[in-house]
Amino acid sequence: MNVRAVVSKTIDQVGNVLLSPPYGGFGYYYNHGPRTRRAVAFTFDDGPSRPCTEWLLDTLGELGVKATFFCVGLSVQWHPEVVQRAFAEGHVIGNHSMMHSRKAGLMLRGGAHIDEATTAISQVIGLRPRLYRPPWGWLTPWEGQRLHQRGYAVIGWDIYPDDWKVPEVPAERLVAQIKPLIKPGSIILMHDSVSNQIRWEKTETARAVRLLTPWLRDEGYEIVTIPDLLGLPAYARV
Ligand SMILES: [Zn+2]
């Protein structure tokens, strides 16, 4: 490994320990819902992509499940019709930054990475998203303030299976990772793309959803969107 790679890997590791998932206490950050209601939320990051997001929408439609998609602005511009479809089918669209840069959120000044994605999403669905998930979950206090000032709630997670790995981890293994961690209020983070990939043919995430859903329902859980789980507005008028 060369010096640059070592430095980059060290920054990743330190950032993951210090900043991801971000710690609460600011009044606008959530990594789970109330532990008193038997409900959980599926969230999907880094899309939209084709055909992966479309396969996932087919699966969710068949199962009658509504989910929350944290979309990357650039990918929204690539696939506006996929975002439009997800929105029309009752899923919630959240902001996952314009380019999935972690560095942008670490800077003391700026905010274009948030605002450009707000605009990209608003242009497709006609509403301004009010839920934001930082790339990698990295959240500095000043980035939190920027988001809060813009009316965003910051959404983390409490369950994060390995469905982002390439090659893909089989759905059975993902489900085995998720099941023991499920609690009332859990927010499950999965992926419908790899960030900044225009085309993605992932299948195991949709398969995991297909395996998990009947099990969760048998256990008495509702599967709801983030606004439903947290009692927060999904959107504001443009
Ligand atoms: Zn992401």
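Cut-offs used in this document
- Residues numbered from 1 in each chain as written.
- Predicted model: local features only at pLDDT ≥ 70, side-chain atom pairs only at ≥ 80, totals over all residues.
- Heavy atoms only, no water.
- Helix = DSSP H or I, 4+ residues; strand = E, 2+ residues; numbered from the N terminus.
- Expected span 1.5 Å × (residues − 1).
- Buried < 20%, exposed > 50% of the residue type's maximum accessible area, 1.4 Å probe, protein only.
- Core = buried A, V, L, I, M, F, W, Y, C linked by side-chain atoms within 4.5 Å.
- Contact = heavy atoms within 4.5 Å.
- UniProt positions renumbered as here; feature names shortened; annotations may be inferred.
- Patch = residues over 30% accessible without salt bridge, like charges linked within 9 Å, V, L, I, M, F, W, Y side chains within 5 Å.
- Areas by Shrake-Rupley, 256 points an atom, 1.4 Å probe, with all protein chains shown as cover.
- Salt bridge = Lys/Arg side-chain N within 4 Å of Asp/Glu carboxyl O.
- 1 Å grid on protein atoms, 1.4 Å probe; cavity = no way out; pocket = protein on both sides within 12 Å on 5 of 7 lines; lining within 4 Å.
- Points joined across faces, edges and corners; volume = space filled by probe spheres on them.
- Nonpolar A, V, L, I, M, F, W, Y, C, P; charged D, E, K, R; others polar.
- Phe/Tyr/Trp six-rings, centres within 6.5 Å; stacked < 30°, edge-to-face > 60°.
- Lys NZ or Arg CZ within 6 Å of the ring centre and 35° of its normal.
- Disulfide = S-S within 2.5 Å.

1. Regarding helix H6 (residues 112-125)
An ideal rise of 1.5 Å per residue puts 20 Å on 14 residues; H6 measures up with 20 Å between its terminal C-alpha atoms. The complete set of buried residues in H6 reads His113, Ile114, Ala117, Thr118, Ala120, Ile121, Ser122, Val124 and Ile125. Trailing H6 by a residue or two, Gly126 shows a phi angle of about 80°, which is positive.

2. Considerations on the nonpolar core
If you look at the biggest cluster of nonpolar residues, it comprises 53 residues, and the most contacted ones within it are Phe42, Phe44, Phe69, Ile93 and Ile155. Once you skip the residues sitting within four places of it in the chain, Ile93 turns out to touch Phe69, Cys71, Val83, Ala86, Phe87, Ile121, Ile125, Pro129 and Tyr235. If you look at the next biggest cluster of nonpolar residues, it comprises eight residues, including Ile114, Leu139, Leu147 and Val154.

3. Section: the UniProt feature "domain: NodB homology" (unreviewed entry) in the chain
Per the UniProt record, "domain: NodB homology" (unreviewed entry) is found at residues 38-224. As a span, residues 38-224 carries 42% helix and 19% strand, and end to end its C-alpha atoms are 10 Å apart.

4. Topic: a nonpolar patch on the surface
Judged by side-chain polarity, Val3, Val7 and Ile11 come together as a nonpolar surface patch covering roughly 290 Å² of accessible area. Structurally, the position occupied by Val7 is in helix H1 (residues 3-19). Of the residues examined, Val7 reaches a relative accessible area of 43% and is grouped as partly exposed.

5. Structural notes on empty space enclosed by the protein
Using the criterion set out here, one finds two cavities of 30 Å³ or more in the structure. What lines the largest cavity is Pro48, Thr53, Phe69, Cys71, Val82, Val83, Ala86, Ile93 and Asp192. Those elements giving two or more residues to the lining of the largest cavity turn out to be strand E4 (68-71) and helix H4 (80-88). It is H4 that contributes the most residues to the lining of the largest cavity, three residues altogether. The residue makeup of the lining of the largest cavity, split by class, is seven nonpolar, one polar and one charged.

6. Things to note about the layout of surface pockets
The calculated volume of the largest pocket comes to roughly 460 Å³. If you go around the largest pocket, you meet 19 residues; those closest to its centre are Asp46, Trp136, Tyr160, Trp164 and His191.

7. Describing the packing of aromatic side chains
Inspection of every chain in the model, using the stated rule, returns six aromatic pairs. Where Trp136 meets Trp138, the ring centres are 6.0 Å apart and the plane angle is 75°; that geometry is what we call edge-to-face. A network of ring pairs unites the aromatic residues Phe42, Phe44 and Phe69 as a single cluster. Here the guanidinium or amino end of Arg38 rests over the ring plane of Tyr221, the centre of that ring lying 4.3 Å away.

8. Brief notes about the side chain of Ser193
Counting through the fold element by element, Ser193 comes out in the loop between strand E9 (187-191) and strand E10 (199-200). In contact with Ser193, not counting residues within four places along its chain, are Asp45, Asp46, Gly47, Ser49, Trp200 and Lys202.

9. Focus: the pattern of salt bridges
In this structure the tally under the stated criterion is 16 salt bridges. The partner of Arg37 in a salt bridge is Asp228, with the nearest N and O atoms 3.0 Å apart. In this pair, Arg37 is assigned in the loop between strand E1 (29-30) and strand E2 (39-45) and Asp228 in helix H10 (residues 226-230), connecting sequence segments 191 residues apart. You can call Arg37 partly exposed: its relative accessible area is 26%.

10. A closer look at the state of the cysteines
Overall, the coordinates contain zero disulfides when judged by the stated rule. Not engaged in a disulfide, the cysteine Cys71 finds its nearest cysteine sulfur in Cys52; these two sulfurs lie 12 Å apart.

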